[in-house]
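Spelled out from the first residue to the last, the chains are:
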Amino acid sequence: YNVENSTSLIGSDAIQALNSTPGITMHGDKFQMYGKSSVNILLNSRPINLTGEQLINYLTSIPSENIKRIEVITSPPSDFDAEGNNGIINIILKEPKKNSFLISARSAYKQAFYASFTDGLNIKKKKKKWSILTDFNYNDNNSTYNNNINYYYTDKEINQVIKNRNNFNSYTSLIKIDYEINNNHLLGLQYNSNYIKGKSNENNQTFYNYIFLFHFF
């Protein structure tokens, strides 16, 4: 899936790019591929050793502007480490142009019930056979969950009110260094880090309304 040519993904992140990729669906914090028991997610053909909410937060920190394409591999070749009936999603980042040096900053703001924002800095440099890519991202994500549940019985009614507020701050970094040995071989080193801290406040209240029945004879 060609992400860099998709104008609809401008200003989005890797999660939104994956949701737009044909053959991939997302349920909760898991990605699914038709006919596959599970999915392995790679970044530049290297495994991302994160799962669940940590993986989602990390992918959210990758701006779509840094993604060249997303490869959906239903039948992984032998050079990919895929167990059993697993499928592979390979996120390929853009490479710096030859003899170039580019610094870019980004910022995004989202207003729901609570405000959330993302800030990032991207540095790319390529000279002769060497290329360096560094990316730093900070994400302040605030969300809320409210639910009102009613239970009805013959003698009472129970009303349960759930209010949950989540705040997560994530700091992610990517450092990628490549050396081009020749046109067919590349020697590379890649470092990814992800630090997340957060808190969740839940308020759960239950109200009882009793029903009194009077029978007259």
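Here we summarise the structure given alongside this text.

What counts as what
Residues numbered from 1 in each chain as written. Predicted model: local features only at pLDDT ≥ 70, side-chain atom pairs only at ≥ 80, totals over all residues. Heavy atoms only, no water. Core = buried A, V, L, I, M, F, W, Y, C linked by side-chain atoms within 4.5 Å. Buried < 20%, exposed > 50% of the residue type's maximum accessible area, 1.4 Å probe, protein only. Helix = DSSP H or I, 4+ residues; strand = E, 2+ residues; numbered from the N terminus. Contact = heavy atoms within 4.5 Å. Salt bridge = Lys/Arg side-chain N within 4 Å of Asp/Glu carboxyl O. Pairing = 2+ DSSP bridges. Axes fitted to C-alpha atoms, helices over the stretch in contact; angles between N-to-C directions. Lys, Arg positive; Asp, Glu negative; His and termini not counted. Polar contact = N/O pair within 3.5 Å; in protein donor to acceptor, adjacent residues only side chain to side chain.

## Section: the nonpolar core
Here is step 1 of the chain: Counting 26 residues, the largest nonpolar core has Phe31, Ile41, Leu59, Ile67 and Ile89 as the members making the most contacts within it.
Here is step 2 of the chain: Among the elements of the structure, α1 (14–19), β2 (30–33), β3 (39–43), α2 (52–60), β5 (67–73) and β6 (87–93) are those that each provide at least two residues to this core.
Here is step 3 of the chain: With residues near it in sequence (within four places) discarded, Ile89 still touches Leu18, Ile24, Phe31, Met33, Val39, Asn40, Ile41, Leu42, Ile70 and Glu71.

## Concerning the pattern of salt bridges
Here is step 1 of the chain: All chains considered together, the criterion is met by four salt bridges.
Here is step 2 of the chain: Residues Glu71 and Arg69 are paired through a salt bridge, measuring 3.0 Å at the closest nitrogen-oxygen approach.
Here is step 3 of the chain: Accessibility expressed as a relative area gives 24% for Glu71, which makes it partly exposed.

## Let's talk about the sheet that holds strand β11 (residues 186–210)
In a beta sheet, neighbouring strands pair by backbone hydrogen bonds and run either parallel or antiparallel.
Here is step 1 of the chain: What the five strands build is an open sheet, ordered β7-β8-β9-β10-β11; its pairing is antiparallel. Here the strands that pair on one side only, and so sit at the sheet edges, are β7 (100–111) and β11. Adjacent strand axes in the sheet meet at a mean angle of 10°, parallel and antiparallel pairs treated alike.
Here is step 2 of the chain: Pairing between strand β9 (residues 130–152) and strand β10 (residues 156–180): 23 bridges, direction antiparallel. What sits directly across from Asn148, in β10, is Val161.

## Observations regarding the side chain of Asp13
Here is step 1 of the chain: Among the secondary structure elements, Asp13 is positioned in the segment before α1.
Here is step 2 of the chain: As a buried residue without a salt bridge, Asp13 has its nearest oppositely charged side chain in Lys110, at a separation of 7.1 Å.
Here is step 3 of the chain: In terms of polar contacts, Asp13 uses its side chain to reach the backbone amide nitrogen of Ile15, at 3.0 Å.
Here is step 4 of the chain: With sequence-adjacent residues up to four places away left out, Asp13 is seen in contact with Leu59, Thr60, Ile62, Pro63 and Ser64.

So far we have only geometry, and geometry alone does not tell us how the molecule works.
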